[in-house]
Structure formats: C-alpha cells, structure tokens
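The chain contents come next:
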Amino acid sequence: MRRTSVPLLVTLLLFLAGCAGPTDEPAAQPSPSPSTATTTPSVDAPATTVPADATADLLALPASGTSTARSCAPEDISLALTPIEPALGHRFTRVALRNDSDSTCVVRGFPGIGGRGESGAPLDLLAAQRQRTGEDTRVHRVTLGPAGEAYANLEWTGDLAGAETERLTVLVLQLARGQEPVAATTTESLDIGNGTTVRIGPWEAGPAVRAAPACKVGPRRTPSGVKRFWTKDKRCSTSPWFAGAHRTMIPYGCTRAPWYPASSRCAGGRGFHHGLDLDMPKGTRVYAGVSGRVVTRGLGSAYGNRAVILRSRGRDILLGHLRSRAVKHGERVRKGDLIGRSGARGAPDGPHLHLEVRPARGSYRDAVNPRRVARLTAAR
C-alpha cells in the first residue's frame, strides 16, 4: 500500500499544476547594471511638442533689423501667406503683413524666419535672407499707417518634404531682433521639410491704403421743415453699391417717419419701411453690388421713374429714386458695373438711395431686411 501511494501522490500533484495554467505576470528578469542600462523609447509615447507661445526657439535665422520704439509690434500685426506663381508649383509665396493697430509703425530690412516640424521641434532649415534674382537689391524701410500693408517674398528649393522628410507645420517670422516671432497663417500646404533651403526677401511696401471717403451729409430737414433722418445712427458707411460714404436716413422696419401709413406690424401707430434709405447727393454713382439681370418695368412710381431691380439668385434688389440709369431692361450686369446715378425722383424727403430686397418677382410686402445685401461698412 505504501509503495503505490507515492506514485499516485506525484501524479495528482502534476495534474493540479497543469490545471493552474500560466501566470499573468512575466518571469522576473535580472536588472542590468548601471553601466549597461539603456533607455528604449516607446512607440506609443507622445511626441514632444513646443508650446504655441515659445516661438523664439523656432527661429533658424533672426531678423536683420533691431527693434526700436517705432517698430511694428507682434501683437499689433497679422501675417498671411499668399501663393504666387502657381506654374512653378507654388515654390514661391508672399508673406503679407497688415498693421491692425491705430498707430503708425515701421518694418525694415529682412524678417527672421523659422518653423516647427511635425514632431513639434524646430525644423532644420537652411535659411538665407536674399532678394529674388532681378529685383531691387536695396533694403527698404516701410512705414505702415493703420490698415497699411507690407510684404516679403519667400522662396524654397532643395530637399522637399516627403516620405523620408519631416515637413513644416508652423512658419514663423520675426519682424525685428529682440521681438517674439509671429506665426503666419495659411490655407495652403507648403512642401517645406528638413534640409530645405529657404530664402526670404526684405519687407516692401504694399498697395497704398486709400483714405476713407469724406461723408457729406445733406439737409437735416425738408423744405417744409420735416425731419429727414429717423435713426440715432450717425455713422457714415461705405458699400459695394455706391461711391463714397453716406449716412442712413431711415432704416428697415418700424419707423415714425411720416411718409408711411400706420402698420399692424408696428406699435404706436408707426409705419413700416420696407427698405433702407441712405442720404446721398444727386449724381452719386450707384453700382451693382452683385451680378444679375436688370429689370426696369412695372416698378411703380413710388420709387421714381428711373428705378432699377437687379434680379440675382432668387432675389430682387431694388434701387430707387435714381436720377439716371446706365443699364437697360433685360441686360446682364456684373458686380461692380455702373447702374446709374442717385437722385430724388419720387422722394418727398430729398435725394437719397432706397435699397430694398425681395424674393424674385415678389411685392414690397415681401421685402426682407437688406442689411446683409447692403454690406455697409463704417467709414473710418
């Protein structure tokens, strides 16, 4: 009995060990000595990124000019990239700088340049400050008033981003030495990668900024003594629909102006104005703010006998009280074409432009707020 019990006990222990299966923990490995220990990066480890505001570390080449009290400050400007010469594969682009402040500032010489790669680290660029071949080699000083613009040409050659090259994700420019670089926004894809030779030209003056047109406000009252302006808004506005800058007389909607009968849409016996009236001297040029077909028939006498409708994309845009027309019924016009000149035909409150928006072939009762179509911009 004792001889047979030992083999049976051994067999039972082996069976129970097989049922237990492998453990969840790996077998312990011997620790390497300090002299032989190595660090292997994990493939799942996140890439090291550079904070968005740490752009100084991204510069491959600093600006050529030193910052002064008159230099444009990074917080007062905006930069944008515009591709040029597409026939060359967008290997050239233009960096446009705009002064968004209310004060005059200066840029001079060559901007500094750098960038960030996909890993978040500074991109290894072979940067150079050089004017493009055949262009003026002088380094200019550009003075920018409010809304003024300057530009610099950017060119890149050499190894481009590809399967084996880390590509550019953020391009930064430094306006002057000592300043924090500014990131240039872009909607295009620049094929710039590690090892690319990048050349940046000097700042050059952009197109002259036009001064805001003067706003000449007409009489405040009609010859009979009735007020002409029925809004508290005293700003002058520009628009693609007319030349110059002009003040609103009567806005769209309920109004106390006496030329409109009481409306059920308005409280207190006020009338409803179906368009937008803009005070405007006789003879002011009126343009097509959109492309469309001209309609001059069946408009009624309330808008004068030279009124025009521009039918465009399911809308009728009526221009009333014109003194003269430069278009004919059925004619197709493009945005910016001359429609006529403003006047006072059919207007009891003096010369102005009436702008009204309706559904195509609709009535004045169907008119909607013309604010979006008018695209008024306050003149500075």
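Let me begin by describing the structure that accompanies this report.

## Details of the overall build of the chain
For step 1, the next point in the chain: Secondary structure assignment for the chain yields two helices and 26 strands.
For step 2, the next point in the chain: The buried share of the chain, reckoned over its 380 residues, is 39%.
For step 3, the next point in the chain: For the chain, restricting intrachain contacts to residue pairs at least 6 apart in sequence, the fraction spanning at least 24 positions comes to 71%.
For step 4, the next point in the chain: If you sum the accessible surface of the chain, you get close to 21900 Å²; carbon and sulfur atoms cover 53% of it.

## Some words on the packing of aromatic side chains
For step 1, the next point in the chain: Applying the stated criterion across every chain, the model contains one aromatic pair.
For step 2, the next point in the chain: Relative to Phe272, the ring of Tyr252 has its centre 5.3 Å away and its plane inclined at 85°; by these criteria the two rings are edge-to-face. Note that Tyr252 is positioned in the loop between strand S14 (242-250) and strand S15 (253-255) and Phe272 in strand S16 (residues 271-273), a separation of 20 residues in sequence.
For step 3, the next point in the chain: Directly above the aromatic system of Trp230 lies the positively charged group of Lys227, at a separation of 4.3 Å from the ring centroid.
For step 4, the next point in the chain: Above the face of the Phe229 ring, Arg247 is positioned so that its terminal group lies 4.3 Å from the ring centre.

## Looking at the side chain of Ser71
For step 1, the next point in the chain: If you trace the backbone, Ser71 turns up in the loop between strand S1 (59-61) and strand S2 (77-84).
For step 2, the next point in the chain: Within the local environment of Ser71, its side chain forms a polar contact with the backbone nitrogen of Thr68, the two atoms lying 2.9 Å apart.

## Structural notes on the nonpolar core
For step 1, the next point in the chain: Counting residues in hydrophobic clusters, the biggest one holds 28 residues, and the most contacted among them are Leu79, Leu97, Val107, Leu144, Leu154, Ile192 and Trp203.
For step 2, the next point in the chain: Put simply, the parts of the chain that give this core at least two residues each are S2, strand S3 (92-99), strand S4 (105-108), strand S7 (141-144), strand S8 (149-158), strand S9 (168-174) and strand S11 (196-200).
For step 3, the next point in the chain: Within the second largest apolar cluster, 22 residues are counted, among which are Val290, Leu319, Val333 and Ala374.

## What about the pattern of salt bridges?
For step 1, the next point in the chain: Scanning the model with the defined rule gives seven salt bridges in all.
For step 2, the next point in the chain: Asp100 is the partner of Arg98 in a salt bridge, and the nearest nitrogen-oxygen pair spans 3.2 Å.
For step 3, the next point in the chain: Note that Arg98 is salt-bridged to Glu149, the shortest N-O span being 3.9 Å. With Arg98 in strand S3 and Glu149 in strand S8, this pair connects stretches of sequence that are 51 residues apart.
For step 4, the next point in the chain: Relative accessible area serves as the criterion here: at 32%, Arg98 is assigned to the partly exposed category.
For step 5, the next point in the chain: With relative accessibility at 32%, the residue Glu149 sits in the partly exposed group.

## Details of the pairing of strand S21 (residues 315-320)
For step 1, the next point in the chain: With respect to burial, S21 is a largely interior element, five of its six residues being buried.
For step 2, the next point in the chain: Summarising the sheet, S21 and strand S25 (residues 352-359) pair through six bridges and their orientation is antiparallel. Pairing of Arg315 across the sheet is with Pro359, part of S25.

## Considerations on the sheet that holds strand S5 (residues 112-117)
For step 1, the next point in the chain: Taken in spatial order, the four strands make up an open sheet running S1-S5-S9-S10, and their pairing is antiparallel. Here the strands that pair on one side only, and so sit at the sheet edges, are S1 and strand S10 (182-183).
For step 2, the next point in the chain: Pairing geometry for S5 and S9, over six bridges, is antiparallel. Bridge pairing in S9 places Gly115 opposite Leu171.

## Concerning the state of the cysteines
For step 1, the next point in the chain: Here the structure, examined in full by the defined rule, presents three disulfides.
For step 2, the next point in the chain: Across the disulfide, Cys215 is cross-linked to Cys236 (sulfur-sulfur distance 1.8 Å). A torsion of -70° about the S-S bond marks the disulfide between Cys215 and Cys236 as left-handed. With Cys215 in the loop between strand S12 (204-205) and strand S13 (236-239) and Cys236 in strand S13, this residue pair connects regions lying 21 residues apart in the sequence.
For step 3, the next point in the chain: When its relative accessible area of 26% is taken as the criterion, Cys215 is described as partly exposed.
For step 4, the next point in the chain: Here Cys236 falls in the buried class, since its relative accessible area comes to 14%.
For step 5, the next point in the chain: The disulfide that involves Cys254 links it to Cys266, with 2.0 Å between the sulfurs. Judged by the sign of its S-S torsion, about -90°, the cystine formed by Cys254 and Cys266 is left-handed. A residue pair is termed long-range when its members are at least 10 positions apart, and Cys254 in strand S15 and Cys266 in the loop between S15 and S16 qualify at twelve residues.
For step 6, the next point in the chain: For Cys266, a relative accessible area of 12% puts it in the buried group.

## Notes on unusual backbone geometry
Leaving glycine out, the prevailing phi sign among residues is negative, and the prevailing peptide bond configuration is trans.
For step 1, the next point in the chain: Positive phi, normally seen in glycine, also occurs at His321, with a value near 70°.
For step 2, the next point in the chain: Structurally, the position occupied by His321 is in the loop between S21 and strand S22 (322-325).
For step 3, the next point in the chain: Given the relative accessible area of 6%, His321 is considered buried.
For step 4, the next point in the chain: In this structure, Arg375 takes a positive phi of about 50° despite not being glycine.
For step 5, the next point in the chain: Mapped onto the secondary structure, Arg375 falls in the loop between helix H2 (371-374) and strand S26 (377-378).
For step 6, the next point in the chain: A residue is classified by how much of its surface remains accessible, and Arg375, at 32% relative accessible area, is partly exposed.

So, how was this worked out
- Residues numbered from 1 in each chain as written.
- Predicted model: local features only at pLDDT ≥ 70, side-chain atom pairs only at ≥ 80, totals over all residues.
- Heavy atoms only, no water.
- Helix = DSSP H or I, 4+ residues; strand = E, 2+ residues; numbered from the N terminus.
- Buried < 20%, exposed > 50% of the residue type's maximum accessible area, 1.4 Å probe, protein only.
- Contact = heavy atoms within 4.5 Å.
- Areas by Shrake-Rupley, 256 points an atom, 1.4 Å probe, with all protein chains shown as cover.
- Phe/Tyr/Trp six-rings, centres within 6.5 Å; stacked < 30°, edge-to-face > 60°.
- Lys NZ or Arg CZ within 6 Å of the ring centre and 35° of its normal.
- Polar contact = N/O pair within 3.5 Å; in protein donor to acceptor, adjacent residues only side chain to side chain.
- Core = buried A, V, L, I, M, F, W, Y, C linked by side-chain atoms within 4.5 Å.
- Salt bridge = Lys/Arg side-chain N within 4 Å of Asp/Glu carboxyl O.
- Pairing = 2+ DSSP bridges.
- Disulfide = S-S within 2.5 Å.

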